[in-house]
Amino acid sequence: MREEISETTTTLFNRYVKKWKDGGGKVVGYTCTYVPEEIIYAAGMLPFRLRGIEATSTSIGDTYYGPVICSFPKCVLQLAGEGKYKFLDGAVICNGCDSMRRLDECWRKASEDYEGILPSWFYYYGVPHKVADYSLKWFVEETKRLIDSLEAHFGVKITDDDLKKAISVYNKGRTLLKRLDGLRIMDEVPISGADALAVIIAGTAIPRDEYNKLLEELLEELEESKERITGKKRLLLGGSVNDDVSLVELIEETDAIVVADTLCFGSRSYVDLIEEDGDPLVAICKRYLTHSFCPRMFGYYKERFRFLKERAEKAKVDGVILQNIRFCDLHGSENGIFERDLEAAGIPCMRMEREYGPLVETGRIKMRIDAFLERIS
Amino acid sequence: MIVAGCDIGSLTAKVVIMTNGKILASPVIKSKSRPEESAKEVMDMALSKAGLCLDAIEYCIGTGYGRGKIPFVNEVISEIACHGKGARFLLPTARTVIDIGGQDCKTMKIDRSGKLIKFITNDKCAAGTGRFLEVMANVLGVRLEDLGALSARARAPVALASTCTVWAQAEVVRNINEGKSIEDIGASVNEAMAKRVAILVNSVGVEKDVCMSGGVAKNIGVVKSLERLLGVKIKKLKLDPQIVGALGAAVFAKEKLEGGAE
Amino acid sequence: MRSVLREYNYNWRLWNIVHNAAKICDGSDKEYREAIRFAPDFNKALDAMISLGEPGVLTLKAIDGYLEDILTAHEKGKKLALITYNFSPAILHAFDVVPMGLEQITGLYTTIWQKGIAELLDYCCEVGFTETSCSGQRVALGPILAGVGTMPDFILYSTAGICDSNANAFAFASAYLDLPSCQMNYPPTLIDERATEYHREDFKYMIAFLEEYTGKKLDVDRLKDICEEIIKQDELINELQELQRLIPNPEPGLYNLLLYSIKIFFSGIKDGTEILEAMLKIARENAAKGIAGNGHERARGLFFYIDHYCTELKYWGWLRDNGISHIGTMMTDFWQADAPYAKGREDEGYIIDTKNLDTMIDSLAAQTSRLPMVKQIRGPYDAPHMWLDDTVGVAKLMNADFLAYMGTMGCRNTWGMVKPAARDLEKLGFPTLILYGDAFDDRVESIDALINRIDEFLTVRRIRK
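Residues numbered from 1 in each chain as written. Chains lettered and ligands numbered in written order. Predicted model: local features only at pLDDT ≥ 70, side-chain atom pairs only at ≥ 80, totals over all residues. Heavy atoms only, no water.

**So, the overall build of chain B**
1) Next: Along its length, chain B carries eight helices and eleven strands.
2) Next: The C-alpha atoms of chain B give 19 Å as radius of gyration, which agrees with the globular expectation for 262 residues (18 Å, within 12%).
3) Next: Within chain B, buried positions represent 58% of all 262 residues.
4) Next: Put simply, of all contacts in chain B between residues at least 6 apart along the chain, 65% involve residues at least 24 apart.
5) Next: Accessible area for chain B stands at about 10,400 Å²; split by element, carbon and sulfur atoms hold 51% of it.
6) Next: Side chains of chain B give 36 positive and 28 negative charges; the mean places of these two sets differ by 4 Å. (Helix = DSSP H or I, 4+ residues; strand = E, 2+ residues; numbered from the N terminus. Rg over C-alpha atoms; globule rule 2.2 N^0.38 Å. Buried < 20%, exposed > 50% of the residue type's maximum accessible area, 1.4 Å probe, protein only. Contact = heavy atoms within 4.5 Å. Areas by Shrake-Rupley, 256 points an atom, 1.4 Å probe, with all protein chains shown as cover. Lys, Arg positive; Asp, Glu negative; His and termini not counted. Charge placed at Lys NZ, Arg CZ, Asp CG, Glu CD.)

Spelled out as structure tokens, the structure:
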């Protein structure tokens, strides 16, 4: 993979962010796929999805968070505490799930002990957990307030035209990523799952206009490339948040290739486009509220199973690996029913609970992956 | 046809050398800090027992955590598959294999040929693994191999927190201080262990016959509790349950030479 | 789950135990002493309840009826709704739907059933539910998933955005059993116009769901009776909580358990009112005599999250025997606008207005949105009207000597911020203890170890008088 892309998967303050900051640009962090990047982009800033890479311990994370909490937000907090997120000018914390939403308090409280780690604009953003006309109405208002706060703090103005442009740029990016999906599900695959994940992650850490250009070039290269991966077991990777390319590398070290995913650092972030007609704010909110692919949207199991099954079938996978970070009960338990229903549909499936970041124990994960591949061979 | 299986685990290293379905040697040693050292030492031991040199081994399969580091193997296979294969070799009617090793616990369902159909592993923490028993035996001041027998002699087993090894340890200490008998506490340790394992086994579903591999299979207290919790008899394997993984690897090696699975 | 355990209907077994226990109370004291020996699993908890006198006996009888209603719902042609405890069952009675509270039943299992709870908990894990999920749902859910509990007709839950673990258990049950479900959720703020409108619309959404799945219209007259009963109950609760402010606190610690049990089991129905009246009678008598409900009062503890519900109510007995006045939990904050702790903060409370259907719906929507946890942990804990505000308010009002956090291992939401919250509370001058046990699962930490921790804390911090 191109170095500039792989750099973004392992380094928070990558060359693009650095260039952006050097040019006087502002960077706003956000916690999950329920925060509309378009709003931040329309404000002329760089939306940057918060991640826990580079964390080598969770000593700070464990100081504020309790023991039975997902290690992903703990790692994010760790990095914040270590000052690695000082390049952020703002951050939006959303109620994606209970572990993530407490990043709000923990980060603020940690900043009482570690000076200067809290971005000057730190905003708590609510997203309803259901789809209904009144929840959409509330969400539009909530997003309007987000805009107001952004505008007031940074002295900027976000017009409807800005929003429309943002929609069109992000839709373009999503369409390109869907083109990447098309390549991945071919019989002869031009890109490994690990590289594909790197490309997708890069989209959350590179200014979108630049990213779209990069992605277009890359797609052309891949489409023309003669190098194809064949003869491997085809897998779909699903479950809770994963921005760790090494997990996919571990899977692919064996005789397997990940050709599809249902991850939030993955297809869940781009399969749905935003309508380009009508009120742009409403269109944005509609898209973000109705893409109910995270189990944080309670009561949409059937929709999510359909999505998973369709993707698995389209990609002609031999098996599905459903992972979740320990204490993510939302994905963890839904994985349990997915397994039941996928196996019933004849798609072999393996569930796997793991830790995030520095705690990853590759030996144990590898043992299971090996056994799973032996099972489906 | 002489084949070998080499299982380098986190706590012990095992080798099985076989010829025509007969076991020539099956030594077990404590693992060294480096897997390649363990592998060499245990293989040397096996070879001298069998009176063979390494070149005599026609095919060798490695398994266990350290399998990637074994210098003399032709191929590696996951220990999950090997335990299934080994158990099937010893007990042709086995369909469910429960393996409790030093650091993890797994349950495998296998078909008639010993092929893996479904499996589940629990390796997120020590509660529910052999390590749990080791820690508790240590606190109780009994030898690990004597822990199992305590269950039969218990009168009133105590309640024990069992979700976390560290806390369970504190509970055991408290019970000792309160004058509870070693038998009663030991029985609770075995019961707690069995309960955690039972969840895993039930997750894949019990299918007869059921057998156990791994060191904990020697703990009669755990085995009895498990039988009660699962409502099935656990069939005893004819060999040291610790070597089932290595044995399975050797069986795989034999099948390889014979050209494909049976 | 062992096959032998699959042979019984669990709801039936539970009902049988409570039913017989409730009958024991009708005999003479001697008969009672004789009979209780035959309830080996349950005698300590039973004795603790019965020693409360009339309130305890009435509670047992009312729970007997509650469980019987669940068992007989279908033969009586009624629908059975699986609900969470963060949901007021009152509205269901207006539809003649029988409520089956998941955590309520978990609480009953863990209180009275010493053997077999672990297997109920674990059954959920065997079918794919994570073992890190909250024990509060897992105990009662196990038999339902295993097909050995009474099967509900539909599921109502109202914890999305409050407690994901809780909502997730219901979402799991709905997906696993393929049952229709209705989910209510809450914005992170409480009293602004947007939040009020959301509460109202969401409540109406739930009513529409009930209409669809019962084929009935909301019975307005019945609703009015229920609302009036709620008003009556709230007045009684207000006085009971006002009396708890006295030093010494004239009420036994278990009164707190009864207070919220009434809210989650018997809100708006006469059974609940009768228990409250009986409690108040004793509390007034104790107050007049100046005696403490929990022995000789040596310290006043606010358990600012939840309590401990397993191991034969040993936790409650220890508090009583050690003169620790239990002066409330988050679970006892219901936020009726005239509650003692709502003084000066009336806008955060609810008022039941029975004028017409619209006002009643608004009132119940407001009430539901202020239920314990629903109010306090919906947004950042230190935001206005949330956990910190409420804890400090009650701690001051009740003259707390110490605060203790007790939860479950599945509680992502509070484990996500209880450490900073405890630090804030300490800074404000309240000795604060975080307990690492599990309210429903004593395999996490045994009750004796838990009590040791409280004891040690009280000693080291020199809290006891």
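**Describing the packing of helix α16 (residues 387-397) of chain C against helix α18 (residues 418-427) of chain C**
When two helices pack together, their arrangement is captured by the angle between the axes and the distance separating the axes.
Residues and elements named next belong to chain C.
1) Next: Between α16 and α18, the shortest axis-to-axis distance is 11 Å and the interhelical angle comes to 40°. Between α16 and α18, the angle is such that the two are oblique. Remark: the crossing between α16 and α18 carries right-handed chirality. Contacts from Trp387, Leu388, Thr391 and Val392 in α16 reach Val418, Asp424 and Leu425 in α18.
2) Next: Of the residues belonging to the contact of α16 with α18, the class tally is five nonpolar, one polar and one charged. (Axes fitted to C-alpha atoms, helices over the stretch in contact; angles between N-to-C directions. Parallel < 35°, antiparallel > 145°, perpendicular 65-115°, else oblique. Left-handed = near helix turned anticlockwise from the far one by under 90°. Nonpolar A, V, L, I, M, F, W, Y, C, P; charged D, E, K, R; others polar.)

**What to know about the side chain of Glu79(B)**
1) Next: Within the secondary structure, Glu79(B) sits in helix α2 (residues 79-90).
2) Next: The class of Glu79(B) is buried, set by a relative accessible area of 4%.
3) Next: Within the local environment of Glu79(B), its side chain forms a polar contact with the side chain of Arg67(B), the two groups lying 3.0 Å apart.
4) Next: Those residues in contact with Glu79(B) that sit more than four places away from it in its chain are Met367(A), Thr63(B), Gly64(B), Tyr65(B), Arg67(B) and Lys106(B). (Polar contact = N/O pair within 3.5 Å; in protein donor to acceptor, adjacent residues only side chain to side chain.)

**Considerations on the interface of chain B and chain C**
1) Next: Between chain B and chain C, the residue contacts involve 17 residues of the former and 17 residues of the latter.
2) Next: In total, chain B and chain C occlude about 1,500 Å² of area from one another, counting both sides; carbon and sulfur atoms represent 51% of this.
3) Next: Contact with chain C buries surface across chain B, with Trp167(B), Arg174(B) and Ile199(B) losing the most and accounting together for 37% of the total.
4) Next: Here chain B is connected to chain C by two salt bridges.
5) Next: One salt bridge in this structure joins Glu131(C) and Arg196(B), with 3.4 Å as the shortest N-O distance.
6) Next: Run the count over chain B and chain C and you get four residue pairs in polar contact (both at pLDDT 80 or more). (Buried area = accessible area lost by both parts, 1.4 Å probe. Salt bridge = Lys/Arg side-chain N within 4 Å of Asp/Glu carboxyl O.)

**Some remarks on the sheet that holds strand β3 (residues 90-94) of chain A**
The strands making up a sheet associate through hydrogen bonds between their backbones, and the pairing can be parallel or antiparallel.
Residue and element names in this part refer to chain A.
1) Next: An order of β2-β1-β3-β4 is seen for the four strands of this open sheet, with the pairing classed as parallel. In the strand order of this sheet, the two ends are held by β2 (46-49) and β4 (121-125), each with one partner. Each strand of the sheet is rotated relative to its neighbour by a mean of 20°, with strand direction disregarded.
2) Next: As defined by bridge partners, strand β1 (residues 27-30) adjoins β2 across four bridges and the pair is classed as parallel. Paired with Val27 across the bridge in β2 is Leu46.
3) Next: Where helix α8 (residues 133-154) meets the sheet, it contacts β3 and β4, and its direction lies at approximately 175° from that of β4. (Pairing = 2+ DSSP bridges.)

**A closer look at the domain arrangement of chain A**
All names here are of chain A.
1) Next: Each domain of chain A was delimited in the assignment, giving domain 1 (3-149) and domain 2 (161-376).
2) Next: Computed over C-alpha atoms only, the centres of domain 1 and domain 2 are separated by 21 Å.
3) Next: When the two sides are added together, the surface that domain 1 and domain 2 hide from each other amounts to roughly 4,400 Å², 69% of it contributed by carbon and sulfur.
4) Next: Three residues, Tyr34, Glu38 and Tyr41, lead the burial of domain 1 against domain 2; their summed loss comes to 18% of the area buried on that side.
5) Next: Run the count over domain 1 and domain 2 and you get four salt bridges.
6) Next: For Asp243, the salt bridge is made with Arg51, and the minimal N-O distance between the two is 2.5 Å.
7) Next: Where domain 1 meets domain 2, there are 22 residue pairs in polar contact (both at pLDDT 80 or more).
8) Next: The set of elements that each furnish at least two residues to the side of domain 1 that touches domain 2 consists of α1 (3-10), α2 (15-22), α3 (37-42), β2, α5 (71-81) and α8.
9) Next: For the side of domain 1 that touches domain 2, the leading source of residues is α8, giving seven residues. (Domains from an automatic or database assignment.)

**Describing the nonpolar core**
1) Next: Tyr85(A), Trp107(A), Val320(A), Ile91(C), Leu156(C) and Trp387(C) are the most contacted members of the largest nonpolar core, which totals 315 residues.
2) Next: The leading source of residues in this core is helix α12 (residues 254-266) of chain C, at ten residues.
3) Next: Residue contacts for Trp107(A): discarding those within four places in its chain leaves Leu50(A), Leu77(A), Ala80(A), Tyr85(A), Leu88(A), Ala91(A), Ile93(A), Ile117(A), Leu118(A), Pro119(A) and Phe122(A). (Core = buried A, V, L, I, M, F, W, Y, C linked by side-chain atoms within 4.5 Å.)

**Regarding α12(C)**
1) Next: In a regular helix each residue adds 1.5 Å, so 13 residues correspond to 18 Å; α12(C) covers 17 Å between its end C-alpha atoms and thus fits that length.
2) Next: Immediately beyond the C-terminal end of α12(C), within one or two residues, lies Gly268(C), with a positive phi of roughly 80°. (Expected span 1.5 Å × (residues − 1).)

**Focus: the pairing of strand β3 (residues 22-25) of chain B**
1) Next: Here strand β2 (residues 12-19) of chain B pairs with β3(B) via three bridges, running antiparallel. Bridge assignment links Thr19(B) to a residue of β3(B), and that residue is Lys22(B).

**Quick notes on the packing of helix α12 (residues 245-253) of chain A against helix α16 (residues 362-376) of chain A**
All names here are of chain A.
1) Next: Remark: α12 packs on α16, axes separated minimally by 9 Å, with the N-to-C direction vectors making an angle of 45°. By the angle between their directions, the pair α12 and α16 is classed as oblique. Regarding α12 and α16, the two cross each other, and that crossing is right-handed. Only Thr362, Ile365, Lys366 and Ile369 of α16 make contact with α12, whose side of the interface consists of Leu247, Leu250, Ile251 and Glu253.
2) Next: Across the contact of α12 with α16, the residue classes tally to five nonpolar, one polar and two charged.

**Brief notes about the interface of chain A and chain C**
1) Next: Opposite the 48 residues of chain A that make contact, chain C presents 50 residues.
2) Next: Across the chain A/chain C interface, buried area totals approximately 4,200 Å², and carbon plus sulfur atoms make up 52% of it.
3) Next: The largest per-residue losses of area from chain A upon contact with chain C belong to Tyr134(A), Trp138(A) and Phe298(A), which jointly make up 16% of the total buried on that side.
4) Next: Applying the counting rule to chain A against chain C returns 13 salt bridges.
5) Next: Here Lys137(A) and Glu197(C) are joined by a salt bridge, their closest N and O atoms 2.9 Å apart.
6) Next: The tally of links between chain A and chain C comes to 40 residue pairs in polar contact (both at pLDDT 80 or more).
7) Next: Going through the elements one at a time, α4 (59-64), α6 (98-101), α7 (103-113), α8, α14 (301-314), α15 (329-344) and β8 (349-354) of chain A are the ones with two or more residues in the side of chain A that touches chain C.

**A closer look at the sheet that holds strand β10 (residues 210-213) of chain B**
Residue and element names in this part refer to chain B.
1) Next: The strand order across the open sheet formed by five strands is β9-β8-β7-β10-β11, and the pairing between neighbours is mixed. The sheet terminates laterally at β9 (116-122) and β11 (234-235), the two strands that pair on one side only.
2) Next: The sheet contact formed by β10 and β11 spans two bridges and is parallel. Paired with Val210 across the bridge in β11 is Ile234.

**Here's the deal with the domain arrangement of chain B**
Where interface size is quoted, it is often the accessible area lost as the parts come together.
Residues and elements named next belong to chain B.
1) Next: Each assigned domain of chain B is listed with its residue range as follows: domain 1 (1-91 + 243-262) and domain 2 (94-236).
2) Next: Listed per partner, the contact involves 14 residues of domain 1 and 20 residues of domain 2.
3) Next: Buried surface at the junction of domain 1 and domain 2, summed over both partners, amounts to about 1,400 Å²; 68% is from carbon and sulfur atoms.
4) Next: Counting the contacts that link domain 1 with domain 2 gives zero salt bridges.
5) Next: Taken together, domain 1 and domain 2 are joined by five residue pairs in polar contact (both at pLDDT 80 or more).
6) Next: Counting residues per element, the side of domain 1 that touches domain 2 draws most heavily on α2, which supplies eight residues.

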